[in-house]
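Remarks on the overall topology
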Amino acid sequence: MTTPILYSLRQCPYAMRSRLAILHAQQTVVLRDIDMNNKPEEMLSISPKGTVPVLRLSDGSVIDESIDVMVWALTQSDPNNLLYSHDKNSLIAMLELIKNNDINFVGALQKYRAASRYHDNNETEFRDMCCEWLREIELRLSQHAYIMGETPSLVDYAILPFIRQFSRVDKKWYAQAPFPYLRSWLVNHYNDSTFSKAMVSYPKWSIDSDPIIFG
Ligand SMILES: N[C@@H](CCC(=O)N[C@@H](CS)C(=O)NCC(=O)O)C(=O)O
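Calculation notes
- Residues numbered from 1 in each chain as written.
- Predicted model: local features only at pLDDT ≥ 70, side-chain atom pairs only at ≥ 80, totals over all residues.
- Core = buried A, V, L, I, M, F, W, Y, C linked by C-beta atoms within 7 Å.
- Buried ≥ 20, exposed ≤ 12 C-beta atoms within 10 Å, placed from the backbone.
- Helix = DSSP H or I, 4+ residues; strand = E, 2+ residues; numbered from the N terminus.
- Domains from an automatic or database assignment.
- Contact = placed C-beta atoms within 7 Å.
- Nonpolar A, V, L, I, M, F, W, Y, C, P; charged D, E, K, R; others polar.
- Pairing = 2+ DSSP bridges.
- UniProt positions renumbered as here; feature names shortened; annotations may be inferred.
- Axes fitted to C-alpha atoms, helices over the stretch in contact; angles between N-to-C directions.
- Parallel < 35°, antiparallel > 145°, perpendicular 65-115°, else oblique.

Here we come to the nonpolar core. Leu6, Ala21, Met70, Ala73, Leu74, Cys130 and Leu154 are the most contacted members of the largest nonpolar core, which has 54 residues in total. With nine residues, the top contributor of residues to this core is helix α6 (residues 154-169). Of the domains in this structure, domain 1 (5-81 + 196-214) and domain 2 (90-192) are the two that each give at least three residues to this core. For methionine 70, the residues in contact, after removing those within four places along its chain, are Arg17, Ser18, Ala21, Leu154 and Ala158.

Here we take up the environment of isoleucine 147. Checked against the element boundaries, isoleucine 147 lands in the loop between α5 (123-143) and α6. In sequence terms isoleucine 147 and isoleucine 159 are twelve residues apart; their C-alpha atoms lie 9.8 Å from each other.

Before going further, it helps to spend a moment on the domain arrangement of the chain. You can read the domains of the chain as domain 1 (5-81 + 196-214) and domain 2 (90-192). Of the residues lining the interface, eleven residues belong to domain 1; the matching set on domain 2 comes to nine residues. Listing elements by their share of the side of domain 1 that touches domain 2, those giving two or more residues are α1 (13-24) and α3 (66-76). A per-element tally of the side of domain 1 that touches domain 2 places α1 first, with six residues. Looking at the side of domain 1 that touches domain 2 residue by residue, the classes come out as seven nonpolar, three polar and one charged.

With that settled, consider the sheet that holds strand β5 (residues 212-214). Spatial ordering of the open sheet is given by β4-β3-β1-β2-β5, a layout of five strands whose pairing is mixed. Either end of the sheet is taken by a strand with one partner, and the two such strands are β4 (62-63) and β5. Pairing analysis gives four bridges linking strand β1 (residues 5-8) to strand β2 (residues 29-33), with the strands arranged parallel. Among the inter-strand pairings, leucine 6 is bridged to a residue of β2, identified as leucine 31.

Residues given the UniProt feature "domain: GST N-terminal" (unreviewed entry) here are residues 6-74. Strand forms 19% of residues 6-74 and helix 39%; the C-alpha atoms that close the span are 15 Å apart.

Take the packing of α1 against α3 next. As a packed pair, α1 and α3 sit with axes 8 Å apart at the nearest point and diverge in direction by 0 degrees. Here α1 is positioned roughly parallel relative to α3, judged by the angle of their axes. Touching Tyr14, Ala15, Arg17, Ser18, Ala21 and Ile22 of α1 are Ser66, Val69, Met70, Ala73 and Leu74, all from α3. Across the contact of α1 with α3, the residue classes tally to eight nonpolar, two polar and one charged.

Here it is, written out as structure tokens:
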């Protein structure tokens with residue numbers, strides 16, 4: 001039985017969420033942190049679309065959507081019940097929320113980040129678009145400690161890397177934004193050893209690198 005291989009990128013929010021799920025699921029993978037300007041043939045041959053994360057399982061099958069990597073990992077083992085298995089309808093609701101995040105929030109976030117980088121006049125407009133989603137999350141976090149309830153779920157780890165990105169665009173604005181529950185939720189995640197483990201920096205992978213066991 002060979003260990004699954006995860007093609008990853010430290011700062012990529014999609015790769016980050018997959019690493020978080022792998023750690024929470026107590027799975028072990030061989031991690032290959034890639035150079036996006038020189039994507040490895042080994043990865044492109046199994047996933048020609050060229051995005052990270054890509055997970056190659058021991059049976060040769062390939063998972064190349066971050067949310068599918070998360071669900072795969074937690075289906076293997078879910079000691080903290082991030083899939084809320086006690087409630088049959090939860091997974092559907094969670095995937096719906098994550099889809100909303102990935103389409104609407106991430107779209108606005110990319111525009112906000114670009115506007116900030118190029119000192120574009122539209123920065124506030126795009127930030128306001130992001131805030132529509134953040135208000136929804138803030139409301140949920142004002143009712144319970146995590147997005148879906150009193151315990152963490154798939155949604156928390158799926159959207160965490162994107163909220164982190166948002167918080168770093170304009171740190172001064174974020175620090176006084178009307179999202180106190182969101183801020184403390186984010187800080188709590190930062191203080192979690194699993195988050196630190198997911199963010200460890202590894203040398204870039206090349207064909208003659210020693211394998212990095214992650215998990
Ligand atoms: N829908 C994909 C999106 C992944 C994605 O877009 N990852 C970025 C890096 S953060 C990427 O690989 N972009 C391709 C590139 O930069 O060439 C997923 O959820 O896995």
